[in-house]
Amino acid sequence: MDTIYLSPSDDLQKAFDNAPEGALVCLAKGEYRQKVKVRTAGLTIRGEGAENTVIVYDDYALKKDEEGKELVTFRTWTVAVCADHVRMEDLSIVNDSLHPEVKGQEVALSVYGDDFVMELCRLTSTQDTLFVGPLPPDLIERYDGFLTDDLRQNRELRQTFRNCLIEGTVDFIFGSGNTLIEDCEIRSLCDRRDIGYIAAPSHSLSQTEGIVFRHCRLTSEEGVRKGSIYLARPWRDYGLTTFEDCEIGDHIAPEGFDKWNDTSRDKTARFFETPAVSGRVDWINRS
C-alpha cells in the first residue's frame, strides 16, 4: 500500500486527487482549514486522534458564492466523500460557522460514495452536521444547475460509523443512505430555537435498511432543555430510521418522534425503536 504523509501546510485537495487508488493518507496533528472533496477510490485517511487532527471550514447555506448564488445546504460541506470504498480514522471534521438560526444549514461531512467507513472520529457542526447520500431525486432536479456530477448519485449507498462522536442541533444526521451508526455518542448541542432533532431520513419506499442507530449513547450538552430533542422526523415521506438498544438521556422528548411540521408523514414514515418505550407516538414500530 502506498503511504502519503501530510501536514497542515499541505494542500489536501491536491494530495487526495493525486493519491493512487487504495493509498493510505496520514494526516499529522494540527488544524487543516480547508474545504475538500475525496474523489479517489479506496483511500484510507488517518489522523493522529480526533482531538489532534482537525479538518475545518465555515460555509453555510445562506452564504453567496462567486456568482451571487446561495450555497444552500448541499454545498456547505467541509469534506465531501465522492468516491467508493473510502475509510476515515482518528480525526475530526468540523463546520464552525455557528448560528444556523440566521445562517442556515452547516454541513461538516457529506458522503456520496458507497462502502464508506468511519471509525474513532468526531463530526461537529450545528444544523445538518452529517449528510448520508444520495440526495432525494426531487432535490437533484431542483438543484441541477449547480450540483456537480459526483453529487448526482442515483443509487443506494452504504455508510458505516463506529465509535464516533457526532454532534449537532437540528436534523444533524440526515439523508437517504443505508447507514449503520454503531457504538457512537450522538450528542445534542444547545440551539437558540430551544428544540432539536437528531435524524431526518429521506429514503424511498423501495429501501429496506435506512439509518440504523445501534448501541449508541444519546447525550446532550449542558444547557439543553429536558425533553426538547426528538429522535427523528421524516424529511421525506418514507424516511426509515431504527434505534436499537440505545442509551437515551432525558433530553429526548417523551413522545420520541415528530412527523415533520404540517405534513401527514406519520402515515408513511418508517420509524422503529427497540426495546419499545412507553409514551412514544403511536405511529412507530409498524411492520
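Here goes a summary of the coordinates provided. Numbering of residues starts from 1 in every chain and runs along the sequence as written. Selection of residues for local features in this predicted model requires a pLDDT of at least 70, selection of side-chain atom pairs for listing and counting requires 80 or more, and totals for whole chains, interfaces and linings are taken over all residues. Side-chain calculation: all heavy atoms of the structure are included, whereas hydrogens and water are not.

**Concerning the pairing of strand β16 (residues 170–175)**
Okay, so step 1: A large share of β16 lies buried, amounting to six of its six residues.
Okay, so step 2: Both strand β13 (residues 130–132) and β16 contribute to a ladder of three bridges, which runs parallel. Note that in β16 the partner of Val132 across the bridge is Gly175.
Okay, so step 3: Only strands that DSSP links by at least two bridges are regarded as paired with each other. Secondary structure elements follow DSSP: runs of H or I of four or more residues count as helices, runs of E of two or more count as strands, with numbering from the N terminus. As defined by bridge partners, β16 adjoins strand β19 (residues 196–201) across four bridges and the pair is classed as parallel. In the strand pairing of β19, Ile173 is matched with Ala199. Partly exposed describes any residue whose relative accessible area lies between the buried limit of under 20% and the exposed limit of over 50%, with all areas from a 1.4 Å probe on protein chains only and scaled to the type maximum.

**Examining the environment of Pro254**
Okay, so step 1: For Pro254, the location among the structural elements is in the loop between β24 (247–248) and β25 (270–274).
Okay, so step 2: Its relative accessible area of 54% is what places Pro254 among the exposed residues.
Okay, so step 3: Placed 23 residues apart in sequence, Pro254 and Leu231 show a C-alpha to C-alpha distance of 9.9 Å.
Okay, so step 4: Residues contacting Pro254, with those up to four places away along its chain left out, are Gly227, Gly279 and Arg280. In what follows, residue pairs with any heavy atoms lying within 4.5 Å of each other are defined as contacts.

**So, the packing of aromatic side chains**
Think of a pair of aromatic rings as described by two things: how far the centres are apart, and how the planes are tilted against each other in angle.
Okay, so step 1: Here a Phe, Tyr or Trp ring, Trp counted by its six-membered ring, pairs with any other such ring whose centre lies within 6.5 Å, and the pair is stacked when the planes are under 30 degrees apart, edge-to-face when over 60, and tilted otherwise. This structure, assessed with the given rule, holds 14 aromatic pairs.
Okay, so step 2: Pairing Phe74 with Phe174 gives two aromatic rings, centres 6.4 Å apart and planes at 40 degrees, and the pair type is tilted. Here Phe74 is found in the loop between β6 (53–57) and β7 (79–81), whereas its partner Phe174 is found in strand β16, with 100 residues between them in sequence.
Okay, so step 3: Phe174 gets classed as buried once you look at its relative accessible area, which sits at 3%.
Okay, so step 4: Considering the side-chain rings of Phe243 and Phe257, the 6.1 Å spacing of their centres and the 65 degrees angle between planes classify their relative orientation as edge-to-face. Here the residue Phe243 occupies a position in strand β23 (residues 240–244), and Phe257 occupies one in the loop between β24 and β25, the gap between them amounting to 14 residues.
Okay, so step 5: An aromatic cluster is built from Phe74, Tyr112, Phe131, Tyr143, Phe146, Phe174 and Trp235, whose rings are joined through pairwise contacts.
Okay, so step 6: Looking at Arg75, its charged tip hangs above the ring of Phe146, at a distance of 4.1 Å from the centre.
Okay, so step 7: The residue whose ring lies beneath Arg233 is Trp260, and the NZ or CZ to ring-centre distance is 3.9 Å. Whether a charge lies above a ring is judged from NZ of Lys or CZ of Arg, which has to be within 6 Å of the ring centre and within 35 degrees of the ring normal.

**Describing the sheet that holds strand β2 (residues 24–27)**
Okay, so step 1: In spatial order, the strands read β1-β2-β5-β8-β11-β14-β17-β20-β23-β25; together these 10 strands make up an open sheet with parallel pairing. Of all strands in the sheet, those with a lone pairing partner are β1 (3–6) and β25, marking the two edges. Looking at each pair of strands side by side, their axes are set apart by 10 degrees on average, direction ignored. Note on method: axes are straight lines fitted to C-alpha atoms, helices fitted across the in-contact stretch only, with angles between N-to-C directions ranging 0 to 180 degrees.

**Overview of the pattern of salt bridges**
Okay, so step 1: By convention in these notes, a salt bridge is any Lys or Arg side-chain nitrogen within 4 Å of a carboxyl oxygen on Asp or Glu. Enumeration according to the criterion identifies 29 salt bridges in this entry.
Okay, so step 2: Here Arg46 and Glu89 are joined by a salt bridge, their closest N and O atoms 2.7 Å apart. With Arg46 in strand β5 (residues 44–46) and Glu89 in strand β8 (residues 87–89), the pair connects residues that are 43 residues apart, well separated along the chain.
Okay, so step 3: A relative accessible area of 32% means that Arg46 is categorised as partly exposed.
Okay, so step 4: With a shortest N-O distance of 3.3 Å, Arg192 and Glu101 are connected by a salt bridge. In this pair, Arg192 sits in the loop between β18 (185–188) and β19 while Glu101 sits in helix α2 (residues 100–103), placing the two residues 91 residues apart along the sequence.
Okay, so step 5: Judged by relative accessible area, Arg192 falls into the exposed class, the value being 65%.

**Let's talk about the nonpolar core**
Okay, so step 1: Residue types Ala, Val, Leu, Ile, Met, Phe, Trp, Tyr and Cys, when buried and joined through side-chain atoms within 4.5 Å, form a set referred to as a nonpolar core. Ranked by internal contacts, the top residues of the largest apolar core, which has 57 residues, are Leu109, Ile186 and Phe213.
Okay, so step 2: If near-sequence neighbours (up to four positions away) are discounted, Phe213 is found in contact with Ile173, Ile181, Ile186, Ile198, Ala199, Thr241, Thr242, Phe243, Glu244 and Cys246.
Okay, so step 3: Core analysis: the next-biggest nonpolar cluster, separate from the first, contains 18 residues, Val72, Leu139, Ile140 and Tyr143 among them.

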